[in-house]
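# Breakdown of the fold
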Amino acid sequence: MWYISTRGMAPRVDFEGALFSGYAPDGGLFMPEELPQLGIETLRHWSTLSYPSLVKELCTLFIGPELIPRHVLNVLIDQAFCRFRHKEVVHLSRLRNGLNVLELWHGATYAFKDLSLCCTAQFLQYFLEKEKKHVTVVVGTSGDTGSAAIESVQGTKNVDIIVLLPQGHCTKIQELQMTTVVRENVHVFGVEGNSDELDEPIKAVFADVAFVKKHNLMSLNSINWSRVLVQMAHHFFAYFQCAPSLDTYPLPPVEVVVPTGAAGNLAAGCIARKMGLPIRLVVAVNRNDIIHRTVQRGDFSLSKAIEPTLASAMDIQVPYNMERIFWLLSGSDSQGTRALMEQFERTQSTSLPKELHSKLSGAVTSESVSDEAITQTMGRCWEENQYLLCPHSAVAVSYHYQQTNKQQPSLPRCCLAPASAAKFPEAVLAAGLAPETPADILALEFKETRCTPMRKGDDWTLMLRNTIEGLSWQQRPQS
(Lines give C-alpha, C1' and ligand atoms only; values in the text may rest on other atoms or scores of the structure.)
Protein backbone atom coordinates (compact mmCIF):
# COMPACT_ATOMS: atom_id res chain seq x y z
CA MET A 1 0.00 0.00 0.00
CA TRP A 2 1.46 3.32 -1.13
CA TYR A 3 0.50 6.86 -0.11
CA ILE A 4 0.55 9.92 -2.34
CA SER A 5 0.12 13.63 -1.61
CA THR A 6 -3.22 15.31 -2.34
CA ARG A 7 -1.17 17.96 -4.19
CA GLY A 8 0.67 15.48 -6.41
CA MET A 9 4.18 16.99 -6.17
CA ALA A 10 5.78 14.71 -3.57
CA PRO A 11 7.24 11.20 -3.97
CA ARG A 12 4.99 8.37 -2.82
CA VAL A 13 5.70 6.79 0.57
CA ASP A 14 4.72 3.65 2.47
CA PHE A 15 2.72 3.66 5.73
CA GLU A 16 5.84 4.30 7.80
CA GLY A 17 6.71 7.32 5.62
CA ALA A 18 3.17 8.72 5.97
CA LEU A 19 3.14 8.10 9.73
CA PHE A 20 6.36 10.05 10.32
CA SER A 21 5.58 12.89 7.90
CA GLY A 22 2.33 14.63 8.85
CA TYR A 23 2.22 17.08 5.93
CA ALA A 24 3.70 15.88 2.63
CA PRO A 25 6.76 17.89 1.44
CA ASP A 26 4.58 19.75 -1.10
CA GLY A 27 2.20 20.95 1.65
CA GLY A 28 -0.45 18.35 0.82
CA LEU A 29 -1.78 15.48 2.92
CA PHE A 30 -1.10 11.80 2.38
CA MET A 31 -3.84 9.56 1.02
CA PRO A 32 -3.79 5.90 -0.10
CA GLU A 33 -2.94 5.58 -3.79
CA GLU A 34 -5.76 3.05 -4.13
CA LEU A 35 -8.68 2.27 -1.85
CA PRO A 36 -9.57 -1.38 -1.29
CA GLN A 37 -13.19 -2.14 -2.26
CA LEU A 38 -15.10 -4.18 0.30
CA GLY A 39 -17.67 -6.66 -1.01
CA ILE A 40 -20.91 -7.56 0.72
CA GLU A 41 -19.46 -10.81 2.14
CA THR A 42 -16.54 -8.98 3.77
CA LEU A 43 -18.97 -6.46 5.31
CA ARG A 44 -21.19 -9.27 6.61
CA HIS A 45 -18.15 -10.97 8.17
CA TRP A 46 -16.92 -7.69 9.70
CA SER A 47 -20.39 -7.01 11.17
CA THR A 48 -19.75 -9.67 13.85
CA LEU A 49 -16.42 -8.15 14.96
CA SER A 50 -15.62 -6.14 18.08
CA TYR A 51 -14.34 -2.58 17.72
CA PRO A 52 -10.66 -3.56 18.33
CA SER A 53 -11.01 -6.37 15.75
CA LEU A 54 -12.37 -3.90 13.18
CA VAL A 55 -9.35 -1.65 13.80
CA LYS A 56 -7.09 -4.67 13.19
CA GLU A 57 -8.82 -5.52 9.88
CA LEU A 58 -8.62 -1.94 8.62
CA CYS A 59 -5.00 -1.49 9.67
CA THR A 60 -4.06 -4.77 7.95
CA LEU A 61 -5.49 -3.41 4.68
CA PHE A 62 -3.61 -0.09 4.92
CA ILE A 63 -0.29 -0.98 6.56
CA GLY A 64 0.82 -4.22 4.94
CA PRO A 65 2.45 -7.26 6.62
CA GLU A 66 5.92 -6.45 5.25
CA LEU A 67 5.97 -3.35 7.49
CA ILE A 68 4.18 -4.73 10.56
CA PRO A 69 3.45 -8.49 10.53
CA ARG A 70 -0.21 -9.29 11.35
CA HIS A 71 0.53 -11.02 14.69
CA VAL A 72 2.61 -7.99 15.81
CA LEU A 73 -0.11 -5.57 14.64
CA ASN A 74 -2.68 -7.47 16.73
CA VAL A 75 -0.49 -7.15 19.83
CA LEU A 76 0.11 -3.40 19.24
CA ILE A 77 -3.62 -2.70 18.89
CA ASP A 78 -4.50 -4.79 21.98
CA GLN A 79 -1.82 -2.86 23.86
CA ALA A 80 -3.27 0.45 22.61
CA PHE A 81 -6.73 -0.32 24.00
CA CYS A 82 -5.76 -2.13 27.21
CA ARG A 83 -6.35 0.90 29.47
CA PHE A 84 -9.79 1.85 28.16
CA ARG A 85 -12.47 1.98 30.85
CA HIS A 86 -15.17 0.14 28.86
CA LYS A 87 -14.70 -3.54 27.97
CA GLU A 88 -16.05 -2.91 24.43
CA VAL A 89 -13.64 0.09 24.06
CA VAL A 90 -16.39 1.89 22.09
CA HIS A 91 -19.99 1.58 23.31
CA LEU A 92 -23.36 2.32 21.68
CA SER A 93 -26.05 3.78 23.97
CA ARG A 94 -29.53 3.22 22.56
CA LEU A 95 -31.76 5.99 23.92
CA ARG A 96 -35.36 7.11 23.44
CA ASN A 97 -36.87 8.22 20.12
CA GLY A 98 -34.38 6.30 17.95
CA LEU A 99 -31.38 8.16 19.38
CA ASN A 100 -28.19 6.10 19.08
CA VAL A 101 -25.09 7.63 20.67
CA LEU A 102 -21.73 6.03 19.89
CA GLU A 103 -19.48 6.75 22.88
CA LEU A 104 -15.95 7.24 21.59
CA TRP A 105 -14.68 8.57 24.92
CA HIS A 106 -13.77 5.65 27.18
CA GLY A 107 -10.00 6.26 26.98
CA ALA A 108 -7.70 7.90 29.52
CA THR A 109 -8.54 11.52 28.60
CA TYR A 110 -12.30 11.01 28.08
CA ALA A 111 -12.19 11.99 24.38
CA PHE A 112 -12.33 10.18 21.01
CA LYS A 113 -8.75 11.14 20.21
CA ASP A 114 -7.52 8.51 22.67
CA LEU A 115 -8.67 5.83 20.19
CA SER A 116 -6.54 6.91 17.24
CA LEU A 117 -3.62 8.34 19.21
CA CYS A 118 -3.10 5.22 21.35
CA CYS A 119 -2.79 3.15 18.16
CA THR A 120 -0.63 5.74 16.41
CA ALA A 121 1.75 5.86 19.40
CA GLN A 122 2.08 2.05 19.32
CA PHE A 123 2.95 2.11 15.59
CA LEU A 124 5.43 4.89 16.26
CA GLN A 125 7.14 2.97 19.08
CA TYR A 126 7.35 -0.13 16.94
CA PHE A 127 9.24 1.62 14.13
CA LEU A 128 11.42 3.71 16.47
CA GLU A 129 12.57 0.69 18.47
CA LYS A 130 13.19 -1.31 15.33
CA GLU A 131 15.35 1.46 13.86
CA LYS A 132 16.82 2.81 17.15
CA LYS A 133 15.53 6.31 16.36
CA HIS A 134 14.22 9.27 18.39
CA VAL A 135 11.51 11.72 17.27
CA THR A 136 10.19 15.02 18.55
CA VAL A 137 6.43 15.28 18.16
CA VAL A 138 4.95 18.79 17.81
CA VAL A 139 1.22 19.18 18.43
CA GLY A 140 -1.11 22.17 18.32
CA THR A 141 -4.38 21.57 20.15
CA SER A 142 -7.81 23.15 20.49
CA GLY A 143 -8.41 21.07 23.60
CA ASP A 144 -8.44 17.28 23.30
CA THR A 145 -5.61 16.36 20.91
CA GLY A 146 -2.89 17.64 23.24
CA SER A 147 -3.90 15.60 26.28
CA ALA A 148 -4.52 12.43 24.24
CA ALA A 149 -1.15 12.79 22.47
CA ILE A 150 0.66 13.39 25.78
CA GLU A 151 -1.11 10.40 27.35
CA SER A 152 -0.11 8.13 24.46
CA VAL A 153 3.65 8.89 24.63
CA GLN A 154 4.40 10.18 28.17
CA GLY A 155 7.43 8.56 29.78
CA THR A 156 8.61 7.08 26.45
CA LYS A 157 12.38 7.21 25.99
CA ASN A 158 12.48 7.62 22.20
CA VAL A 159 9.80 10.34 21.89
CA ASP A 160 9.74 13.95 23.12
CA ILE A 161 6.44 15.78 22.78
CA ILE A 162 5.88 19.54 22.52
CA VAL A 163 2.27 20.73 22.87
CA LEU A 164 0.99 24.25 22.16
CA LEU A 165 -2.35 24.93 23.86
CA PRO A 166 -4.52 28.06 23.47
CA GLN A 167 -4.50 29.56 26.98
CA GLY A 168 -8.03 30.41 28.12
CA HIS A 169 -9.65 28.82 25.04
CA CYS A 170 -9.80 25.25 26.45
CA THR A 171 -11.83 24.21 29.47
CA LYS A 172 -9.98 24.14 32.80
CA ILE A 173 -10.07 20.32 32.81
CA GLN A 174 -8.63 20.08 29.29
CA GLU A 175 -5.81 22.42 30.28
CA LEU A 176 -5.04 20.50 33.50
CA GLN A 177 -4.95 17.19 31.63
CA MET A 178 -1.95 18.63 29.76
CA THR A 179 -0.19 20.81 32.32
CA THR A 180 -0.25 18.21 35.14
CA VAL A 181 1.80 15.66 33.20
CA VAL A 182 5.20 16.48 34.66
CA ARG A 183 7.39 14.05 32.72
CA GLU A 184 10.84 14.57 31.27
CA ASN A 185 9.67 14.04 27.68
CA VAL A 186 6.58 16.32 27.90
CA HIS A 187 6.90 20.06 27.09
CA VAL A 188 3.71 22.17 27.25
CA PHE A 189 3.40 25.79 26.09
CA GLY A 190 0.43 28.05 26.90
CA VAL A 191 -0.10 30.35 23.92
CA GLU A 192 -1.82 33.74 24.23
CA GLY A 193 -3.93 33.09 21.13
CA ASN A 194 -6.54 30.76 19.66
CA SER A 195 -5.99 27.34 18.11
CA ASP A 196 -5.67 28.69 14.54
CA GLU A 197 -3.06 31.26 15.67
CA LEU A 198 -0.94 28.65 17.43
CA ASP A 199 -0.94 26.53 14.25
CA GLU A 200 1.06 29.28 12.50
CA PRO A 201 4.45 28.70 14.24
CA ILE A 202 3.96 24.93 13.84
CA LYS A 203 3.34 25.30 10.11
CA ALA A 204 6.36 27.65 9.84
CA VAL A 205 8.63 25.10 11.54
CA PHE A 206 7.37 22.21 9.38
CA ALA A 207 7.82 24.30 6.22
CA ASP A 208 11.60 24.24 6.86
CA VAL A 209 12.22 20.76 5.41
CA ALA A 210 15.93 20.67 6.32
CA PHE A 211 15.13 21.58 9.96
CA VAL A 212 12.40 18.92 10.14
CA LYS A 213 14.80 16.28 8.81
CA LYS A 214 17.71 17.32 11.02
CA HIS A 215 15.63 17.15 14.22
CA ASN A 216 13.37 14.20 13.30
CA LEU A 217 10.17 16.20 13.74
CA MET A 218 6.67 14.87 13.26
CA SER A 219 3.11 15.95 14.00
CA LEU A 220 0.28 13.99 15.59
CA ASN A 221 -2.51 16.41 14.66
CA SER A 222 -5.42 15.02 12.69
CA ILE A 223 -3.44 15.63 9.50
CA ASN A 224 -1.57 12.40 10.36
CA TRP A 225 -2.86 9.60 8.14
CA SER A 226 -2.57 7.03 10.92
CA ARG A 227 -5.24 8.87 12.93
CA VAL A 228 -7.66 9.06 10.00
CA LEU A 229 -7.11 5.33 9.39
CA VAL A 230 -8.13 4.33 12.94
CA GLN A 231 -11.07 6.75 12.86
CA MET A 232 -12.52 4.86 9.90
CA ALA A 233 -13.37 2.10 12.39
CA HIS A 234 -15.88 4.45 14.12
CA HIS A 235 -17.98 4.49 10.96
CA PHE A 236 -17.86 0.74 10.36
CA PHE A 237 -18.76 0.01 13.99
CA ALA A 238 -21.56 2.62 13.94
CA TYR A 239 -22.96 1.05 10.78
CA PHE A 240 -22.88 -2.54 12.06
CA GLN A 241 -24.44 -1.55 15.40
CA CYS A 242 -27.31 0.40 13.79
CA ALA A 243 -28.08 -1.37 10.49
CA PRO A 244 -31.39 -3.26 10.83
CA SER A 245 -30.16 -6.37 8.97
CA LEU A 246 -27.34 -7.35 6.65
CA ASP A 247 -29.33 -10.09 4.94
CA THR A 248 -30.85 -7.82 2.30
CA TYR A 249 -29.31 -6.75 -1.00
CA PRO A 250 -28.29 -4.00 -1.41
CA LEU A 251 -27.30 -3.49 2.22
CA PRO A 252 -29.49 -0.95 4.07
CA PRO A 253 -28.03 2.56 4.53
CA VAL A 254 -27.39 4.15 7.96
CA GLU A 255 -26.99 7.86 8.61
CA VAL A 256 -23.87 8.77 10.64
CA VAL A 257 -23.85 12.22 12.23
CA VAL A 258 -20.30 13.53 12.67
CA PRO A 259 -19.65 16.55 14.91
CA THR A 260 -16.37 18.04 13.74
CA GLY A 261 -13.87 20.90 13.75
CA ALA A 262 -10.85 19.87 11.64
CA ALA A 263 -12.85 17.26 9.65
CA GLY A 264 -10.66 14.22 10.49
CA ASN A 265 -13.65 12.06 11.44
CA LEU A 266 -15.50 13.33 8.37
CA ALA A 267 -12.58 12.43 6.06
CA ALA A 268 -12.52 8.95 7.66
CA GLY A 269 -16.25 8.58 6.93
CA CYS A 270 -15.85 9.68 3.30
CA ILE A 271 -13.09 7.09 2.80
CA ALA A 272 -15.16 4.33 4.45
CA ARG A 273 -18.08 5.25 2.16
CA LYS A 274 -15.84 5.16 -0.91
CA MET A 275 -14.68 1.65 0.15
CA GLY A 276 -18.27 0.43 0.00
CA LEU A 277 -19.74 1.08 3.48
CA PRO A 278 -23.37 2.15 2.88
CA ILE A 279 -23.46 5.21 5.15
CA ARG A 280 -24.95 8.66 4.59
CA LEU A 281 -22.83 11.29 6.24
CA VAL A 282 -24.13 14.33 8.09
CA VAL A 283 -21.52 16.83 9.30
CA ALA A 284 -22.58 18.92 12.28
CA VAL A 285 -20.58 22.00 13.29
CA ASN A 286 -20.99 24.81 15.82
CA ARG A 287 -21.17 28.50 14.88
CA ASN A 288 -17.70 28.24 13.29
CA ASP A 289 -19.33 27.04 10.13
CA ILE A 290 -16.79 26.96 7.29
CA ILE A 291 -17.57 23.28 6.58
CA HIS A 292 -21.34 23.96 6.58
CA ARG A 293 -20.92 26.88 4.15
CA THR A 294 -18.69 24.75 1.93
CA VAL A 295 -21.27 21.94 1.74
CA GLN A 296 -24.23 24.30 1.28
CA ARG A 297 -22.77 26.89 -1.10
CA GLY A 298 -19.24 25.83 -2.07
CA ASP A 299 -17.96 28.80 -0.01
CA PHE A 300 -14.62 27.64 1.44
CA SER A 301 -13.54 30.85 3.13
CA LEU A 302 -12.56 32.04 6.58
CA SER A 303 -14.96 34.07 8.73
CA LYS A 304 -13.65 37.33 10.19
CA ALA A 305 -12.81 35.62 13.49
CA ILE A 306 -13.31 32.44 15.48
CA GLU A 307 -16.50 32.60 17.53
CA PRO A 308 -16.00 31.07 20.99
CA THR A 309 -18.72 28.46 21.64
CA LEU A 310 -19.68 25.86 24.27
CA ALA A 311 -18.31 23.18 21.89
CA SER A 312 -14.84 24.71 22.22
CA ALA A 313 -12.79 21.84 20.71
CA MET A 314 -14.62 22.56 17.43
CA ASP A 315 -13.84 26.29 17.46
CA ILE A 316 -11.70 25.94 14.36
CA GLN A 317 -11.58 28.06 11.22
CA VAL A 318 -9.26 25.96 9.07
CA PRO A 319 -10.58 22.39 8.73
CA TYR A 320 -7.42 20.99 7.12
CA ASN A 321 -8.81 17.51 6.43
CA MET A 322 -11.27 18.99 3.92
CA GLU A 323 -8.31 18.83 1.52
CA ARG A 324 -8.46 15.01 1.71
CA ILE A 325 -12.20 15.11 1.00
CA PHE A 326 -11.79 17.47 -2.00
CA TRP A 327 -9.11 15.16 -3.43
CA LEU A 328 -11.20 12.03 -2.86
CA LEU A 329 -14.41 13.44 -4.35
CA SER A 330 -12.63 14.99 -7.34
CA GLY A 331 -11.40 11.52 -8.39
CA SER A 332 -7.84 12.04 -7.03
CA ASP A 333 -7.38 15.28 -8.99
CA SER A 334 -4.17 16.50 -7.36
CA GLN A 335 -3.72 19.40 -9.78
CA GLY A 336 -7.20 20.76 -9.02
CA THR A 337 -6.75 20.17 -5.27
CA ARG A 338 -3.39 21.95 -5.29
CA ALA A 339 -4.81 24.99 -7.16
CA LEU A 340 -7.80 25.16 -4.78
CA MET A 341 -5.73 24.87 -1.58
CA GLU A 342 -3.01 27.27 -2.76
CA GLN A 343 -5.64 29.87 -3.53
CA PHE A 344 -7.22 29.31 -0.11
CA GLU A 345 -3.81 29.68 1.58
CA ARG A 346 -3.10 32.85 -0.38
CA THR A 347 -6.46 34.63 0.00
CA GLN A 348 -8.17 32.64 2.79
CA SER A 349 -11.16 32.40 0.51
CA THR A 350 -12.11 30.24 -2.45
CA SER A 351 -15.19 28.84 -4.16
CA LEU A 352 -15.34 25.16 -5.03
CA PRO A 353 -15.63 24.38 -8.74
CA LYS A 354 -19.27 23.55 -9.59
CA GLU A 355 -18.65 19.85 -10.17
CA LEU A 356 -16.73 19.39 -6.91
CA HIS A 357 -19.39 21.26 -4.94
CA SER A 358 -22.11 19.10 -6.42
CA LYS A 359 -20.16 15.92 -5.47
CA LEU A 360 -19.60 17.23 -1.93
CA SER A 361 -23.23 18.19 -1.35
CA GLY A 362 -24.24 14.79 -2.78
CA ALA A 363 -21.92 12.95 -0.37
CA VAL A 364 -22.51 14.99 2.80
CA THR A 365 -25.44 16.81 4.45
CA SER A 366 -24.53 19.59 6.89
CA GLU A 367 -25.89 21.52 9.84
CA SER A 368 -24.59 24.42 11.96
CA VAL A 369 -25.74 24.49 15.59
CA SER A 370 -25.95 27.49 17.98
CA ASP A 371 -24.98 27.48 21.66
CA GLU A 372 -28.68 27.82 22.50
CA ALA A 373 -29.47 24.66 20.50
CA ILE A 374 -26.55 22.89 22.24
CA THR A 375 -27.88 23.62 25.75
CA GLN A 376 -31.48 22.80 24.72
CA THR A 377 -30.30 19.47 23.31
CA MET A 378 -28.33 18.64 26.45
CA GLY A 379 -31.42 19.49 28.53
CA ARG A 380 -33.80 17.41 26.41
CA CYS A 381 -31.48 14.39 26.34
CA TRP A 382 -31.18 14.50 30.13
CA GLU A 383 -34.94 14.89 30.58
CA GLU A 384 -35.79 11.98 28.28
CA ASN A 385 -32.94 9.60 29.15
CA GLN A 386 -31.08 10.82 32.28
CA TYR A 387 -28.09 10.85 29.94
CA LEU A 388 -25.53 13.68 29.98
CA LEU A 389 -24.14 14.76 26.60
CA CYS A 390 -20.97 16.79 26.17
CA PRO A 391 -21.54 19.97 24.11
CA HIS A 392 -19.80 18.46 21.04
CA SER A 393 -21.98 15.34 21.14
CA ALA A 394 -24.99 17.68 21.57
CA VAL A 395 -24.10 19.31 18.24
CA ALA A 396 -24.71 15.92 16.57
CA VAL A 397 -27.78 15.03 18.66
CA SER A 398 -29.31 18.46 17.91
CA TYR A 399 -29.50 17.37 14.25
CA HIS A 400 -31.22 14.11 15.31
CA TYR A 401 -33.85 16.01 17.31
CA GLN A 402 -34.47 18.39 14.39
CA GLN A 403 -35.14 15.40 12.15
CA THR A 404 -37.39 13.56 14.63
CA ASN A 405 -39.42 16.78 15.18
CA LYS A 406 -40.33 16.63 11.47
CA GLN A 407 -42.00 13.24 12.16
CA GLN A 408 -41.05 11.91 8.74
CA PRO A 409 -39.74 8.38 8.23
CA SER A 410 -35.94 8.39 8.23
CA LEU A 411 -32.97 6.06 8.06
CA PRO A 412 -31.52 4.48 11.20
CA ARG A 413 -29.15 7.12 12.57
CA CYS A 414 -26.02 7.06 14.73
CA CYS A 415 -24.62 10.17 16.41
CA LEU A 416 -20.88 10.09 17.16
CA ALA A 417 -20.10 11.30 20.71
CA PRO A 418 -16.51 12.58 20.74
CA ALA A 419 -16.13 13.39 24.45
CA SER A 420 -17.57 12.74 27.88
CA ALA A 421 -19.68 15.43 29.55
CA ALA A 422 -17.30 15.08 32.52
CA LYS A 423 -14.73 17.22 30.62
CA PHE A 424 -17.15 20.12 30.14
CA PRO A 425 -18.77 21.03 33.50
CA GLU A 426 -19.11 24.68 32.38
CA ALA A 427 -21.35 23.64 29.46
CA VAL A 428 -23.32 21.21 31.66
CA LEU A 429 -24.01 24.07 34.10
CA ALA A 430 -24.94 26.39 31.19
CA ALA A 431 -27.58 23.79 30.23
CA GLY A 432 -28.99 24.01 33.79
CA LEU A 433 -27.79 20.50 34.66
CA ALA A 434 -25.55 19.09 37.40
CA PRO A 435 -22.05 17.99 36.33
CA GLU A 436 -20.91 14.47 37.24
CA THR A 437 -17.14 14.55 37.70
CA PRO A 438 -15.11 11.32 38.07
CA ALA A 439 -12.53 11.15 40.88
CA ASP A 440 -9.51 11.10 38.53
CA ILE A 441 -10.65 14.39 36.95
CA LEU A 442 -11.31 16.00 40.36
CA ALA A 443 -7.78 14.99 41.43
CA LEU A 444 -6.24 17.13 38.63
CA GLU A 445 -6.95 20.29 40.67
CA PHE A 446 -4.40 19.24 43.29
CA LYS A 447 -1.54 18.18 41.04
CA GLU A 448 1.65 20.09 40.26
CA THR A 449 1.50 21.84 36.88
CA ARG A 450 4.16 22.80 34.34
CA CYS A 451 3.55 25.11 31.38
CA THR A 452 5.76 27.68 29.59
CA PRO A 453 3.95 30.86 28.45
CA MET A 454 4.11 32.04 24.81
CA ARG A 455 2.99 35.65 25.14
CA LYS A 456 1.68 38.06 22.50
CA GLY A 457 4.73 39.86 21.14
CA ASP A 458 7.05 36.85 21.65
CA ASP A 459 8.48 35.21 18.53
CA TRP A 460 6.60 31.90 18.83
CA THR A 461 8.34 30.29 15.87
CA LEU A 462 11.75 31.10 17.34
CA MET A 463 10.72 29.78 20.78
CA LEU A 464 9.54 26.55 19.18
CA ARG A 465 12.73 26.17 17.12
CA ASN A 466 14.91 26.81 20.18
CA THR A 467 13.03 24.20 22.21
CA ILE A 468 13.42 21.63 19.42
CA GLU A 469 17.15 22.37 19.07
CA GLY A 470 17.59 22.03 22.85
CA LEU A 471 15.92 18.61 22.84
CA SER A 472 18.09 17.45 19.92
CA TRP A 473 21.17 18.58 21.81
CA GLN A 474 20.12 16.44 24.81
CA GLN A 475 19.69 13.44 22.50
CA ARG A 476 23.29 13.67 21.24
CA PRO A 477 25.45 10.75 22.37
CA GLN A 478 27.51 11.97 25.34
CA SER A 479 31.25 11.61 24.68
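Numbering of residues begins from 1 in every chain and follows the order in which that chain's sequence is written. Residues qualify for local features only when their pLDDT is at least 70, as the model is predicted, and side-chain atom pairs are given and counted only at 80 or more; totals for whole chains, interfaces and linings, by contrast, use all residues. Neither water nor hydrogens contribute to the side-chain values; these are computed over all heavy atoms in the structure.

### Some remarks on the UniProt feature "modified residue: N6-(pyridoxal phosphate)lysine" (unreviewed entry) in the chain
How we decide: UniProt positions are given in the numbering used here, feature names are shortened, and annotations may be inferred rather than shown by experiment. Counting from the N terminus, the helices are the DSSP runs of H or I reaching at least four residues and the strands are the DSSP runs of E reaching at least two. When accessible area is computed with a 1.4 Å probe and restricted to protein chains, residues below 20% of their type maximum are described as buried, those above 50% as exposed, and intermediate ones as partly exposed.
In the numbering used here, UniProt assigns the feature "modified residue: N6-(pyridoxal phosphate)lysine" (unreviewed entry) to Lys-113. You can see Lys-113 is positioned in helix H5 (residues 113-131). Among the residues examined, Lys-113 registers a relative accessible area of 11% and is labelled buried.

### Points about the UniProt feature "domain: Tryptophan synthase beta chain-like PALP" (unreviewed entry) in the chain
In this structure's numbering, the residues bearing the UniProt feature "domain: Tryptophan synthase beta chain-like PALP" (unreviewed entry) are residues 105-399. Helix makes up 51% of residues 105-399 and strand makes up 16%, while its end C-alpha atoms are separated by 20 Å.

### Focus on the sheet that holds strand S13 (residues 364-368)
Convention followed: DSSP bridges decide pairing: two strands pair if at least two such bridges lie between them. A fitted line through C-alpha atoms represents every axis, and for helices the fit uses only the stretch in contact; the resulting angles, taken between N-to-C directions, go from 0 to 180 degrees. In what follows, a contact means two residues having at least one pair of non-hydrogen atoms within 4.5 Å.
Read across the open sheet, the six strands follow the order S3-S4-S14-S9-S10-S13; overall the sheet is mixed. The open sheet is flanked by strand S3 (91-94) and S13, the only strands paired with a single partner. Each adjacent strand pair in this sheet contributes to an overall mean axis angle of 25 degrees, direction not counted. In the packing of helix H15 (residues 354-363) onto the sheet, the strands contacted are strand S10 (279-285) and S13, and the crossing angle to S13 comes to about 80 degrees.

### Considering the nonpolar core
The cut-off we apply is this: Take the buried residues of types Ala, Val, Leu, Ile, Met, Phe, Trp, Tyr and Cys, join any two whose side-chain atoms come within 4.5 Å, and each joined set is a nonpolar core.
Among the nonpolar cores identified, the biggest contains 116 residues, and Phe-15, Tyr-51, Ile-68, Phe-81, Phe-123, Trp-225 and Phe-236 are the most heavily contacted of them. Among the elements that take part in this core, helix H10 (residues 225-242) stands out by supplying 12 residues, more than any other. The residues contacting Phe-123, other than those within four sequence positions of it, are Phe-15, Leu-19, Cys-59, Ile-63, Ile-68, Leu-73, Leu-76, Ile-77 and Ser-226. Formed by 34 residues, the second largest nonpolar core is a distinct cluster that contains Cys-390, Ala-396, Val-428 and Leu-433.

### A few points about the environment of Met-31
Inspection of the secondary structure assignment puts Met-31 in strand S2 (residues 30-32). For Met-31, a relative accessible area of 1% puts it in the buried group. For the pair Met-31 and Thr-6, spaced 25 residues apart in the sequence, the C-alpha separation amounts to 6.7 Å. Dropping the residues within four chain positions of it, Met-31 is found in contact with Trp-2, Tyr-3, Ile-4, Thr-6, Trp-225, Ile-271, Arg-324, Trp-327 and Leu-328.

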